[in-house]
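Structure at a glance
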Amino acid sequence: MITVWGEGRGFRVVWLLEEMGLAYRLRPVDLFAGAENDPEFMAINPGGFIPAIQDGEVTMVESIAIMEYLMARHGPTPLAPDPRDAAFPGYQQFLHLGEAGLAASIFFVLNARNRAPEGERDNWSRRHAQEVFDSRLGLVTRRLAQAPYMAGEAFTAADISVTYALELAQRAGGVVLGEAEQAYVDRTSARDGYQRAMETCQGTKAWAARAAAEQGR
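Residues numbered from 1 in each chain as written. Predicted model: local features only at pLDDT ≥ 70, side-chain atom pairs only at ≥ 80, totals over all residues. Heavy atoms only, no water.

For the rest of this paragraph, the subject is the packing of aromatic side chains. Tallying each qualifying case throughout the model produces eight aromatic pairs. Plain terms: the ring middles of W5 and F41 are 6.0 Å apart, the flat faces sit at 35 degrees to each other, and that makes the pair tilted. Placement of the pair is W5 in strand β1 (residues 2–5) and F41 in helix α2 (residues 39–44), with a sequence separation of 36 residues. Taken as a pair, W5 and F41 share a single burial class, namely buried. Considering the side-chain rings of W15 and F155, the 5.9 Å spacing of their centres and the 40 degrees angle between planes classify their relative orientation as tilted. With W15 in helix α1 (residues 10–20) and F155 in the loop between α5 (124–144) and α6 (157–172), this residue pair connects regions lying 140 residues apart in the sequence. Neither W15 nor F155 differs from the other in exposure class; each is buried. One aromatic cluster is present, built from ring pairs that chain together F11, W15, Y149, F155 and Y194. Note that R187 overlies the ring of Y149, its terminal NZ or CZ placed 5.5 Å from the centroid. (Phe/Tyr/Trp six-rings, centres within 6.5 Å; stacked < 30°, edge-to-face > 60°. Helix = DSSP H or I, 4+ residues; strand = E, 2+ residues; numbered from the N terminus. Buried < 20%, exposed > 50% of the residue type's maximum accessible area, 1.4 Å probe, protein only. Lys NZ or Arg CZ within 6 Å of the ring centre and 35° of its normal.)

Shown next as structure tokens:
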């Protein structure tokens with residue numbers, strides 16, 4: 001049984017597991033209460049961040065690395081195109097861009113926007129992080145003008161990565177998605193695997209509902 005520790009970016013991992021049909025359990029981690037107050041979790045990841053997984057004797061952190069591990073160890077799966085497939089370069093690029101380019105940059109924007117003292121919410125670092133996000137979002141927009149998914153015609157794990165980042169930006173980063181990006185998120189989030197993951201991740205489900213209510217959606 002695979003154990004997933006924590007939601008947040010762990011939603012990506014749960015969604016992937018649902019798409020692959022693998023058995024797992026979700027172990028909640030309350031970072032607002034302080035990871036240091038959860039010794040069982042700290043024994044798994046002394047860094048104190050989520051997600052983490054346990055798969056037998058294997059323990060891993062970092063959501064994209066976890067996804068790559070799961071697909072390699074428990075695949076093959078169409079969620080990860082073969083390296084010789086023409087779809088592989090796009091898949092590989094957007095799998096990582098979803099975190100390194102999109103989620104990582106918007107994380108600093110949303111922290112400044114929602115948690116920083118009033119006088120520090122529009123500092124140089126926040127504006128730069130927004131510029132990074134916007135430039136990477138442009139790559140997603142260009143891709144969607146060419147194909148319905150990040151790797152081309154078929155849904156892959158790259159779409160899990162990018163969809164999570166876009167929803168994070170939309171729910172907490174103050175980002176208004178364009179028509180093409182919104183249609184893309186609507187398409188990927190309509191999948192049964194996404195819906196099952198949302199039912200498992202009750203914290204994420206509640207957060208999404210609050211964000212939608214606040215934004216009138």
